[in-house]
Amino acid sequence: MRKNFSAPVLADISLTNRCNLKCEYCYASAGDECKAEEELTLDKYKELFKQLDDMNVHRISLSGGEPFVRNDFFDILNEAQKYKFAIVINSNGTLISEAVSRKLREYRFDRICITIDGSCSKVHDIIRGKGTFLKAIQGIRNLQKYNLPVSTLFTLNKTNIDDLINTIKLNESLGIEYMSVMVMCPTGRASNGELLITKENWYPIFLKLTQMKSRGEIKINFKIVPPNEGSIFWLFYYPLKFYDCLDLLKYWNQDYENCNDCDVSCQAGIKSISIMCNGDVYGCDLMIGIDEFCAGSFLNSSINDIWNNSKVFKKLRNLEKKNLTGKCHDCENIWCGGGCRSAAYNLDGSIYGSDLSCFGCEE
């Protein structure tokens, strides 16, 4: 059995599945048709935060859907900040008016992360809806006006891959200090994998990004975050191997020369937990909505009891690379942890299957 933490380090908390947008890659399949009456009440969140604090959880994220659609969002934030964990807010930015930003000054949180999926309306709005780019940019400016800690998130997919470098430059021009690129996972509304990036598009872009990093041309604090891939990311390895440039992995803080044998890298139920707006508990927000990954309900059991006794979490903790089937079972790369288990489930039909989004599966 893989060793799990005594409590989750990170708890992702979806306050609502309602959203004023309907993005085509949304892992939660959120939208304006979702029902408010299915959401946990403020009293339940008071109880939840107390339980997480008792377990010594280090960090929580408040997300959705879109968290600012909840009329009691600031009441929930007020309860969360009574405890010692770091608080991150995730938003699409379109509802962050100057009045909302001014009110946020009254609360303690570590940062608010706004999704910017392109450098212009032409790209961003294709994914997130007409007019959303300008609204999100204005939301960022409203936050900056009140010196609030704002970072951005770019969800890398087939639609916006060619605009990644331009979006980095946009973030730099906006004065953003931190930018994360989340590689789209085939789950939720994107579970069929049609929006996944291809190696034909990714390889030359990643090589250019790496060369820019090696020359110090990227000034922003910038990172690419694939779903769990192990000590070396195949998203980085295969492009640089193709160009015979594996020595450049060091610019992504990856030590290819000294990498060790890696176990299954999925951290769901190992150090992370995700709590849906209706109280359902998962190991990771990418597993939301998949019955096989639901570890229990906060409405029926304590978080501590679910963490320690859930059959689903025990199943995840018992995963070994030798259990995996298909390409992942036969993989020669000792540094790879078998990719994302949610991606494997959606693309290969089983928690034990192969993460077929891996470029190595095409070789």
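So, a few notes on the structure that sits alongside this text.

Analysis parameters
- Residues numbered from 1 in each chain as written.
- Predicted model: local features only at pLDDT ≥ 70, side-chain atom pairs only at ≥ 80, totals over all residues.
- Heavy atoms only, no water.
- Helix = DSSP H or I, 4+ residues; strand = E, 2+ residues; numbered from the N terminus.
- Buried < 20%, exposed > 50% of the residue type's maximum accessible area, 1.4 Å probe, protein only.
- Contact = heavy atoms within 4.5 Å.
- Areas by Shrake-Rupley, 256 points an atom, 1.4 Å probe, with all protein chains shown as cover.
- Lys, Arg positive; Asp, Glu negative; His and termini not counted.
- Charge placed at Lys NZ, Arg CZ, Asp CG, Glu CD.
- Pairing = 2+ DSSP bridges.
- Right-handed = clockwise from strand over helix to strand, strands pointing away.
- 1 Å grid on protein atoms, 1.4 Å probe; cavity = no way out; pocket = protein on both sides within 12 Å on 5 of 7 lines; lining within 4 Å.
- Points joined across faces, edges and corners; volume = space filled by probe spheres on them.
- Nonpolar A, V, L, I, M, F, W, Y, C, P; charged D, E, K, R; others polar.
- Core = buried A, V, L, I, M, F, W, Y, C linked by side-chain atoms within 4.5 Å.

**A few points about the overall build of the protein**
Here is step 1 of the chain: Regarding its fold elements, the protein presents twelve helices and ten strands.
Here is step 2 of the chain: With respect to the three principal axes, the spread of C-alpha positions in the protein is 55 × 50 × 35 Å.
Here is step 3 of the chain: The burial tally for the protein puts 57% of its 363 residues in the buried class.
Here is step 4 of the chain: Look at the contacts in the protein between residues 6 or more apart in sequence, and 72% of them connect residues 24 or more apart.
Here is step 5 of the chain: As displayed, the protein has an accessible area near 15,800 Å², and 46% of this comes from carbon and sulfur atoms.
Here is step 6 of the chain: Each charge class in the protein was averaged separately, 43 positive and 46 negative side chains, and the resulting centres sit 4 Å apart.

**Focus on the pairing of strand 5 (residues 150–156)**
Here is step 1 of the chain: Burial analysis of strand 5 places seven of its seven residues in the buried class, the great majority of the element.
Here is step 2 of the chain: Residues of strand 5 alternate between two faces, with Val 150, Thr 152, Phe 154 and Leu 156 on one and Ser 151, Leu 153 and Thr 155 on the opposite face, all of them buried.
Here is step 3 of the chain: As defined by bridge partners, strand 4 (residues 111–115) adjoins strand 5 across four bridges and the pair is classed as parallel. Looking at strand 5, one finds that Ile 112 is bridged to Val 150.
Here is step 4 of the chain: The pairing of strand 5 with strand 6 (residues 178–183) spans five bridges and is classified as parallel. By the bridge assignment, Leu 153 is partnered in strand 6 with Ser 180.
Here is step 5 of the chain: The parallel pair strand 5 and strand 6, bridged by helix 6 (residues 164–174), forms a crossover whose chirality is right-handed.

**With respect to empty space enclosed by the protein**
Here is step 1 of the chain: If you walk through the whole model with that rule in mind, you get two cavities of 30 Å³ or more.
Here is step 2 of the chain: In this structure, the largest cavity encloses a volume near 130 Å³.
Here is step 3 of the chain: Lining the largest cavity are 18 residues; nearest its centre among them are Val 183, Met 184, Leu 196, Trp 234 and Ser 357.
Here is step 4 of the chain: Of the residues in the lining of the largest cavity, the class split is 14 nonpolar, two polar and two charged.

**Thoughts on the nonpolar core**
Here is step 1 of the chain: Ile 60, Leu 104, Trp 202, Leu 209 and Ile 224 are the most contacted members of the largest nonpolar core, which totals 111 residues.
Here is step 2 of the chain: With seven residues, helix 7 (residues 199–214) is the single largest residue contributor to this core.
Here is step 3 of the chain: Setting aside residues no more than four positions away along its own chain, Leu 209 makes contact with Leu 164, Ile 165, Ile 168, Trp 202, Ile 218, Phe 222, Ile 224 and Trp 252.

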